[in-house]
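If you want the building blocks of each chain, they are given just below.
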Amino acid sequence: MDFTASNEQEMLRDSARRFFADREGDRHASAWGSYADLGWLALVAPEDAGGIGGDIEDILILAEEMGRALAHEPYAGSAIVAMRLIDRTADGDARRELLAAMADGSIRVAPALYEPGRRYALSPSMRATGDGGGFRLSGAKILVPGGGDADRLLLSATLDDGTIGLFLVDPAATGTTVSRYATIDDGAVADVAFDAFIIGSESLLGRIDIEAIDDALDDARLALCADALGGLERAIAMTSDYLSTRSQFGQPLASFQALQHSLVEIFIDTDSIRSSLYQAVAAVHDGDGVARRRAISSCWVKTFGAAKRIAGTAVHLHGGIGMTTEYQVGHYLRRMMVSERSFGDVEHHLARYMALST
Amino acid sequence: MKLAFSDEDKAFRQEVRAFIAAELPADLARREAMGFHNGRATVDPWQRKLHARGWAAPSWPREYGGTGWSPIQRYIFELECGLANAPEYSLIAMSMVGPVICRFGSPALQERFLAPMLSGDCWFCQGFSEPQAGSDLASLRTRAVRDGDDYVINGQKIWTTDAHMADYMICLARTDPDAKPQAGLSMIIVPMDAPGVTVRPIGTIDGDAHVNEVFLEDVRVPAGHLIGKPNEGWTQAKFLLGHERTHNAYVGMLCRYLARIPGLIDDECTRGLGPVEAAEYRRRHALLAIDVEALQWSVLRVLAGEEGPRLNAAASAIAIRGAEYLLRAADLETAILGPQVIPRFRPDDSLPLPAGAPASAPGRSTQYLYWWAATIFGGTDEIQRNIIWNTLFR
Ligand SMILES: Cc1cc2nc3c(=O)[nH]c(=O)nc-3n(C[C@H](O)[C@H](O)[C@H](O)COP(=O)(O)OP(=O)(O)OC[C@H]3O[C@@H](n4cnc5c(N)ncnc54)[C@H](O)[C@@H]3O)c2cc1C
């Protein structure tokens, strides 16, 4: 066991921090090409398909920096979930070529798994009915991260024999309606609807079961926890700075013990999220499926059971300025609200944790 | 001691309920339930209906056009409005500025402002806070200097709710720079269209538009716009902020949340919410209801004057808990709705809803985010705790 970052990991963190600092005023322009150039997409792709096959620790170091910087690119969705799912389902040249193209940024794939009125259920009600040599797709997917900017959608649909197929489809094709919209944290997602949309048999990458989809999501869940951790640590640092510079009643806010203690409380909670993340990473290395899932749900509940309160307290400690969009601290609160219900929420993961603990 | 609502109170509740049911426009109630900040045009029809009924100003003395209601009746009215999704209209004019003008204003000011306030033709904003004077309000720097028949005002206000749609600002300004900080302040009515007044909107994280910066540059107002006598401003401000002491408990809003949450849970059970989660949300609802039931009686105790000298402490206590419970209620609603609250909804509901969003989703995230401001405005939680300490234990 080694708690210190390797030289390579330090370099990864530094380059990420520098990259986001350089494009500060420019957060809304797409950086997907830069992510590819920096090797951050290849980091997730397997070595036999043009990737680096990085350790989970490397990916989480990066995710932490993305959270700190409030980066909007759908890294958890289009890099982690999409690549993990394709790695598991596709075969041979198709698998290698697609993953290589995703790793070098030439094809961006958005995972479309969730459906209207079905919360976090992964069993698709979307049907792919056999039609001649191909399939006819009917149904809708919602909250597709980066779905409005993707070259391809990766979607789950139930086949005639009741198994689940993963399909790669072109969102620009006729028969597909893509409606993009903003999320409360300024991210971009899309709803996609298919009305008897006919696709060829080559669109079916392969079959997959729900448990395998859930496992592919698990790495992204850890990335969201690390993303939240980076954001919360930054919010606390900003709050500490602000309390030292702002005065009321002729003295720095930092001199009021009530405020010192509030800040310390959210520091303790945030620091224990880091510990929880580490226990989950250790379980990932152990390789036992049940222990891994349980540990990741543990980390999720620890993180998002506290994240909004931590970020909200940081806002509160700033007073009015914390509520403004011009100031950064409130954006962390908005991001926590979105992250905590992407890929499941606290109740969902608490239930999974309890089910796996018996 | 007899802790029961009287028959008159019960009859009054029915009267209020019947009036709201008959007069509140359904579309207005629907918008108010979403919880976005109301524009003036939205709430105007409601204020006119209340005015016609003589109920526009629950907290003004009767001789000035108020209702003359007992504190308990005012409480019942607020609760019923909250439950029925009736909006608060022109809150600053009706609950704060009006009572100050009734109490301290010259007959000329009363003549000029009270009637248009009642009819909804005159909206006010409250210009107290400044960039360097938030919790420490007495350190404010905006100056008002007497010049012949006028005052000339220079300075900057911030966080001014509704400045963009108000006709006037009640401005707390320094009229005697040599006196102690609290002693040299006055309240002056500033027309928002006076030359030298600039309003700049401030974006807030809830995604709605309600607060502003107000810049005052050589703004001239007639000396008669100063309320009462010069340098009485601190006393008046304390009267104003303390006037609706129980308002910050938000019992109307809390009861609205409590009333609709069970239905929200039932709806979501048809949209994939599982029985285990539903049971947990029902439990959280019950725990919140229990807290709010106690809060309501804390409010009634303050209203009945039972707290006596401890009134300030009691009012601060309910303000702290009120904000805390609002956050809990709004958090529970977003949890129940789950991923459906992720989209950024616009107050303008002409936009189509995303495929995954039921009609109950718009406004839920916005309100949760906004209620963090309730831990800040009207005196932050820490300032309220200081008040309790200083009143009871020092
Ligand atoms: C949405 C919104 C609407 C508002 N509307 C209006 C309006 O219409 N008109 C108006 O005049 N103002 C309005 N305000 C301003 C509000 O009253 C102030 O924000 C509030 O008084 C706090 O001041 P501040 O923002 O400068 O924070 P600060 O006073 O700088 O406080 C920052 C932090 O320090 C803490 N703190 C300060 N002093 C102490 C102390 N002595 N001991 C312990 N902790 C302390 C505070 O609790 C807070 O957590 C509004 C604010 C908001 C957010």
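Residues numbered from 1 in each chain as written. Chains lettered and ligands numbered in written order. Predicted model: local features only at pLDDT ≥ 70, side-chain atom pairs only at ≥ 80, totals over all residues. Heavy atoms only, no water.

Caption draft 1: Region of the structure containing the domain arrangement of chain A. Residues and elements named next belong to chain A. Domain annotation of chain A identifies domain 1 (7-103), domain 2 (109-208) and domain 3 (210-357). The partner domain 2 presents 16 residues to the 13 residues of domain 1 that form the contact. Overall, the association of domain 1 and domain 2 removes approximately 1,100 Å² of surface from exposure, summing both partners, and the carbon and sulfur fraction of that is 79%. The three residues of domain 1 that bury the most area against domain 2 are His 72, Leu 85 and Thr 89, which together make up 41% of that side's buried surface. Taken together, the links from domain 1 to domain 2 amount to zero salt bridges. At the junction of domain 1 and domain 2, the tally comes to two residue pairs in polar contact (both at pLDDT 80 or more). Counting residues per element, the side of domain 1 that touches domain 2 draws most heavily on helix α4 (residues 75-89), at seven residues. (Domains from an automatic or database assignment. Contact = heavy atoms within 4.5 Å. Buried area = accessible area lost by both parts, 1.4 Å probe. Salt bridge = Lys/Arg side-chain N within 4 Å of Asp/Glu carboxyl O. Polar contact = N/O pair within 3.5 Å; in protein donor to acceptor, adjacent residues only side chain to side chain. Helix = DSSP H or I, 4+ residues; strand = E, 2+ residues; numbered from the N terminus.)

Caption draft 2: Representation of the environment of Arg 334 of chain A. Relative to the helices and strands, Arg 334 of chain A resides in helix α10 (residues 329-339). Judged by relative accessible area, which is 3%, Arg 334 of chain A ranks as buried. Counting along the chain gives 152 residues from Arg 334 of chain A to Ala 182 of chain A, while the straight-line C-alpha distance between them is 13 Å. If we ignore the near neighbours within four places in the chain, the residues touching Arg 334 of chain A are Ile 184, Asp 185, Asp 186 and Thr 325 of chain A together with Thr 204, Ile 205, Gly 207, Arg 344 and Leu 369 of chain B. A polar side-chain atom of Arg 334 of chain A sits 3.2 Å from a polar atom in the side chain of Asp 186 of chain A. (Buried < 20%, exposed > 50% of the residue type's maximum accessible area, 1.4 Å probe, protein only.)

Caption draft 3: Focus on helix α8 (residues 251-269) of chain B. Residue and element names in this part refer to chain B. Helix length check: α8 (19 residues) gives 28 Å between terminal C-alpha atoms against 27 Å at 1.5 Å per residue, within 8%. Listing the buried residues of α8 in full gives Val 251, Gly 252, Met 253, Leu 254, Cys 255, Arg 256, Tyr 257, Leu 258, Ile 261, Leu 264, Ile 265 and Glu 268. Those residues of α8 that are buried lie in contact with α2 (26-34), α4 (71-83), α9 (275-303), α10 (311-337) and α11 (364-371). (Expected span 1.5 Å × (residues − 1).)

Caption draft 4: How the structure looks around the packing of helix α6 (residues 210-245) of chain A against helix α8 (residues 289-304) of chain A. All names here are of chain A. Following both chains from N to C, one finds α6 and α8 inclined at 35°, their axes separated by 10 Å at the closest point. When you trace α6 past α8, the crossing you get is left-handed. Between α6 and α8, the contacting residues are Glu 211, Asp 215, Asp 218, Asp 219, Arg 221, Leu 222, Leu 224, Cys 225 and Ala 228 on the first element and Arg 292, Arg 293, Ile 296, Cys 299, Trp 300, Thr 303 and Phe 304 on the second. Tallied by class, residues from the contact of α6 with α8 come to eight nonpolar, one polar and seven charged. (Axes fitted to C-alpha atoms, helices over the stretch in contact; angles between N-to-C directions. Left-handed = near helix turned anticlockwise from the far one by under 90°. Nonpolar A, V, L, I, M, F, W, Y, C, P; charged D, E, K, R; others polar.)

Caption draft 5: Here's a closer look at the interface of chain A and chain B. Listed per partner, the contact involves 47 residues of chain A and 48 residues of chain B. When chain A packs against chain B, the two sides together hide about 3,800 Å² of surface, and 62% of this comes from carbon and sulfur. The three residues of chain A that bury the most area against chain B are Arg 119, His 316 and Met 323 of chain A, which together make up 21% of that side's buried surface. There are four salt bridges connecting chain A and chain B. A salt bridge links Glu 347 of chain A to Arg 284 of chain B; the nearest nitrogen and oxygen atoms lie 3.4 Å apart. At the junction of chain A and chain B, the tally comes to 21 residue pairs in polar contact (both at pLDDT 80 or more). When contributions to the side of chain A that touches chain B are tallied by element, the ones reaching two or more residues are β3 (134-145), β6 (176-182), α7 (257-286), α9 (307-318), α10 and α11 (346-357) of chain A. Here the side of chain A that touches chain B takes seven residues from α9 of chain A, the largest share from any one element.

Caption draft 6: Layout of the state of the cysteines. If you walk through the whole model with that rule in mind, you get zero disulfides over all chains. Here Cys 299 of chain A is not cross-linked by a disulfide; its sulfur's nearest cysteine counterpart is in Cys 225 of chain A, at 3.8 Å. Overall, Cys 299 of chain A belongs to the buried group, its relative accessible area being 0%. The cysteine Cys 102 of chain B is free of any disulfide, with Cys 122 of chain B supplying the nearest cysteine sulfur at 13 Å. (Disulfide = S-S within 2.5 Å.)

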